[in-house]
Amino acid sequence: MPQPFDFSADYILEDDFVQLRPLTENDYESLLPFALNEPETWKYSMVPVAGAQGLKTYIEAALAAREAKKEYPFIVFDKRRQKYAGSTRFYDINLPYNSLQLGFTWYGSQFQGTGLNKHCKFLLLRFAFEQMGMERVEFRADNNNKRSIAAMQSIGCTIEGVLRSHLPLPDGTRRNTIVLSILKEEWFGTVKEALQSKLQ
């Protein structure tokens, strides 16, 4: 039964593989190695985290957005490796319309392709549809980010279209943004079961 979502509550989502808990300012040190050593992680990101200051700004902005009741950021902990792996969040949360976006997702290189992302997405989608009562969960990405698009399709997302010349990029060009989504009836109809069957 869906429950009213409380931005001030500390929601913890977990299974045997991964734990997602609210991001805090104390997580800076846990994520700093990625920011210092893996700047390529944010090649397609509109909010780069590379560098010590980049990470500090990233965390501050995420926490401010939670305080403003617009976003809910998580830190991702890989239970099998006993290491922090990255971050993800709910954003553009529209409670009256029962919709949100799921994104700002990144993982360190050693956690990519391990099945971690599917576990995270299953927990986040189950929470969004079954606890928050969402009707729609939207995903967006740079249309050139084929790896990210393939990952979203593999969890059951439907491509809706491309927003052309959507956002400015640091190099002066503009990004085409692909939009995908999962609807509540799709989650309960086929997506949940299919995604659960892929969990390792």
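In the block above lies the structure referred to throughout.
Residues numbered from 1 in each chain as written. Predicted model: local features only at pLDDT ≥ 70, side-chain atom pairs only at ≥ 80, totals over all residues. Heavy atoms only, no water.

(A) The nonpolar core, seen in detail. Counting 53 residues, the largest nonpolar core has Leu-20, Phe-90, Leu-116, Leu-125, Val-137 and Phe-139 as the members making the most contacts within it. Here the element with the most residues in this core is helix H3 (residues 116–131); it accounts for nine residues. Leu-116 has contacts with Phe-17, Val-18, Val-76, Asp-78, Ala-85, Tyr-107 and Phe-111, leaving out every residue within four places of it along the chain. (Core = buried A, V, L, I, M, F, W, Y, C linked by side-chain atoms within 4.5 Å. Buried < 20%, exposed > 50% of the residue type's maximum accessible area, 1.4 Å probe, protein only. Helix = DSSP H or I, 4+ residues; strand = E, 2+ residues; numbered from the N terminus. Contact = heavy atoms within 4.5 Å.)

(B) Structural context of the environment of Thr-24. Here Thr-24 shows up in the loop between strand S2 (18–22) and helix H1 (28–37). Between the C-alpha atoms of Thr-24 and Trp-106, which are 82 residues apart in sequence, the distance is 16 Å. Setting aside residues no more than four positions away along its own chain, Thr-24 makes contact with Ile-59 and Leu-63.

(C) Here's a closer look at the packing of aromatic side chains. The final tally for this structure, using the stated rule, is 16 aromatic pairs. Plain terms: the ring middles of Phe-5 and Tyr-72 are 5.4 Å apart, the flat faces sit at 75 degrees to each other, and that makes the pair edge-to-face. With a gap of 67 residues between them, Phe-5 in the segment before strand S1 (13–14) and Tyr-72 in strand S3 (residues 72–78) connect regions that are remote in the sequence. For the pair Tyr-91 and Phe-104, a centre-to-centre distance of 4.8 Å together with 85 degrees between the ring planes defines the contact as edge-to-face. Residue Tyr-91 is located in strand S4 (residues 83–94), and its partner Phe-104 is located in strand S5 (residues 99–107); the two are separated by 13 residues in the primary sequence. We classify Phe-104 as partly exposed; its relative accessible area is 26%. Taken together, the aromatic side chains of Phe-5, Phe-7, Tyr-11, Tyr-72, Phe-74, Phe-90 and Phe-127 make up a single cluster linked through ring pairs. Sitting over the ring of Tyr-58, Arg-89 keeps its end group 5.0 Å from the ring centre. When the ring centre of Phe-104 is taken as origin, the NZ or CZ atom of Arg-89, which lies over that ring, is 3.9 Å away. (Phe/Tyr/Trp six-rings, centres within 6.5 Å; stacked < 30°, edge-to-face > 60°. Lys NZ or Arg CZ within 6 Å of the ring centre and 35° of its normal.)

(D) Seen up close, the sheet that holds S3. Read across the sheet, eight strands follow the order S1-S2-S3-S4-S5-S6-S8-S7 without closing on themselves; strand pairing throughout is mixed. One side of each edge strand has no neighbouring strand; the edge strands of this open sheet are S1 and strand S7 (158–168). The pairing of S3 with S4 spans seven bridges and is antiparallel. Of the residues in S4, the one forming a bridge with Tyr-72 is Phe-90. On the sheet, H3 packs against S1, S2, S3, S4, S5, strand S6 (136–142) and strand S8 (174–183) and is oriented at approximately 160 degrees with respect to S5. (Pairing = 2+ DSSP bridges. Axes fitted to C-alpha atoms, helices over the stretch in contact; angles between N-to-C directions.)

(E) Fine view of unusual backbone geometry. Unlike most non-glycine residues, Lys-69 shows phi in positive territory, near 60 degrees. With respect to the helices and strands, the residue Lys-69 is situated in the loop between helix H2 (52–67) and S3. On the basis of relative accessible area, Lys-69 is assigned to the exposed category, the value being 56%. With phi around 45 degrees, Ser-165 is a residue other than glycine that occupies positive phi space. For Ser-165, the location among the structural elements is in strand S7.

(F) Main features of the packing of H3 against helix H5 (residues 184–197). For the pair H3 and H5, interaxial distance at closest approach is 11 Å and the crossing angle is 155 degrees. Regarding the angle of H3 to H5, the classification is roughly antiparallel. Seen from above, H3 lies across H5 with left-handed handedness. On the side of H3, the interface is formed by Lys-118, Lys-121, Phe-122, Leu-125, Arg-126, Phe-129 and Glu-130, while H5 contributes Lys-184, Trp-187, Phe-188, Lys-192, Leu-195 and Gln-196. Split into classes, the residues belonging to the contact of H3 with H5 amount to six nonpolar, one polar and six charged. (Parallel < 35°, antiparallel > 145°, perpendicular 65-115°, else oblique. Left-handed = near helix turned anticlockwise from the far one by under 90°. Nonpolar A, V, L, I, M, F, W, Y, C, P; charged D, E, K, R; others polar.)

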